[in-house]
Amino acid sequence: MVRYNFPEYKLELDIPEEVYFPAEDTFFLIRNLHLNENIKSVYEIGGGSGIISIFLAKNFEKASFLVSDISLTATKMIQSNCKLNEVDSQIDVICMDKLNAIRYLSPDVIIWNPPYLPEDTETKKLPIADKLMLTGGKRGYEEIYDLIIYLQSSKVNTSLYTIFSSIAWDEDNFEEISEKGVHLEIIKELKLFFEKLYLVRFDFGEYDG
Ligand SMILES: C[S@@+](CC[C@H](N)C(=O)[O-])C[C@H]1O[C@@H](n2cnc3c(N)ncnc32)[C@H](O)[C@@H]1O
């Protein structure tokens with residue numbers, strides 16, 4: 001395991017090979033996430049190394065965080081990286097599928113930089129840990145759509161910030177989800193060499209942004 005320094009974010013993180021190394025999508029999300037300064041409760045799904053919530057915890061000292069990851073290795077790293085960056089009193093970490101172990105949801109905001117690539121013949125050959133980091137189902141976005149349907153049915157007042165890739169998703173796919181009565185907005189787009197990333201916000205319940 002190697003310790004990495006992220007000077008722009010004033011963080012140090014231990015990241016083993018089996019845990020997602022922060023990449024363009026991670027930084028795109030962090031840079032464009034403009035949260036209300038009075039925010040109290042943030043849930044992050046798929047925390048990976050913990051970079052997003054650790055960075056936010058340092059900048060929103062009054063907020064509390066609940067971070068999940070389906071990978072036990074990632075969950076343990078998030079915990080130890082929280083201690084390393086002295087934000088462990090603000091962040092609870094749970095190994096679970098999305099938010100499925102939480103009975104009553106009450107976050108102001110939910111964040112997920114999800115696995116968003118489609119399963120294909122190449123990604124099918126990947127080890128399971130890599131698949132969990134990269135692929136979100138046959139079409140690439142089933143995992144995140146599952147979460148959206150779940151949040152809508154749970155009647156929680158919250159917003160979900162997440163990322164889609166043009167490799168799997170385009171603006172026509174909006175209809176599929178907006179037909180279900182979910183409000184969504186593209187916050188930012190990022191053109192990369194081989195794909196475009198979309199940062200999208202979904203609003204649920206009576207959340208007024
Ligand atoms: C693209 S990585 C993002 C990691 C980190 N948040 C970042 O931005 O650098 C996706 C993360 O989601 C986790 N993950 C995948 N499916 C999940 C699920 N159903 N529930 C919780 N976490 C999941 C993976 O283990 C991985 O850590």
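Quick look at the structure, then.

Quick notes on the rules
- Residues numbered from 1 in each chain as written.
- Predicted model: local features only at pLDDT ≥ 70, side-chain atom pairs only at ≥ 80, totals over all residues.
- Helix = DSSP H or I, 4+ residues; strand = E, 2+ residues; numbered from the N terminus.
- Rg over C-alpha atoms; globule rule 2.2 N^0.38 Å.
- Contact = placed C-beta atoms within 7 Å.
- Near = placed C-beta within 6 Å.
- Nonpolar A, V, L, I, M, F, W, Y, C, P; charged D, E, K, R; others polar.
- Buried ≥ 20, exposed ≤ 12 C-beta atoms within 10 Å, placed from the backbone.
- Pairing = 2+ DSSP bridges.
- Axes fitted to C-alpha atoms, helices over the stretch in contact; angles between N-to-C directions.
- Right-handed = clockwise from strand over helix to strand, strands pointing away.

Time to look at the overall build of the chain. Along its length, the chain carries 7 helices and 9 strands. Relative to the compact-globule value of 17 Å for 209 residues, the chain shows a C-alpha radius of gyration of 16 Å, a close match. Expressed as lengths along the three principal axes of its C-alpha atoms, the size of the chain is roughly 45 × 40 × 30 Å. The contacts in the chain between residues at least 6 apart in sequence include a share of 64% that link residues at least 24 apart.

Next up on the list: the site of the ligand. Around the ligand lies a shell of 23 residues, among which Thr26, Gly46, Gly48, Ile70 and Asn113 are the nearest. When contributions to the shell around the ligand are tallied by element, the ones reaching two or more residues are helix H2 (51-59), strand S4 (64-69) and helix H5 (128-134). Of the residues in the shell around the ligand, the class split is 11 nonpolar, 8 polar and 4 charged.

Positive phi outside glycine occurs at Glu86, with the angle close to 60 degrees. You can call Glu86 exposed: it has 11 C-beta atoms within 10 Å. Backbone geometry places Lys98, a non-glycine residue, at a positive phi of 45 degrees. In this structure, Lys98 sits in the loop between strand S5 (91-95) and strand S6 (109-112).

What follows deals with the sheet that holds S5. Within a beta sheet, neighbouring strands are joined by backbone hydrogen bonds and run either parallel or antiparallel to one another. With mixed pairing, the 7 strands of this open sheet are ordered in space as S5-S4-S3-S6-S7-S9-S8. Two strands bound the open sheet, and with one partner strand each, they are S5 and strand S8 (183-191). The sheet shows a mean angle of 20 degrees between the axes of neighbouring strands, direction not considered. Sheet analysis places strand S3 (residues 41-45) next to S4, joined by 4 bridges and oriented parallel. Of the residues in S4, the one forming a bridge with Val42 is Phe65.

In this section: the pairing of S4. Regular strands show a simple pattern: their side chains alternate between the two faces of the sheet. The element S4 is extensively covered by neighbouring structure, given that 5 of its 6 residues are classed as buried. As a crossover connection, the stretch from S3 through H2 into S4 is right-handed. Pairing analysis gives 5 bridges linking S4 to S5, with the strands arranged parallel. What sits directly across from Phe65, in S5, is Ile91.

This part takes up the environment of Ile70. With respect to the helices and strands, Ile70 occurs in the loop between S4 and helix H3 (72-84). Between the C-alpha atoms of Ile70 and Glu206, which are 136 residues apart in sequence, the distance is 29 Å. Excluding residues that lie within four positions of it along the chain, Ile70 makes contacts with Asp97 and Leu132.

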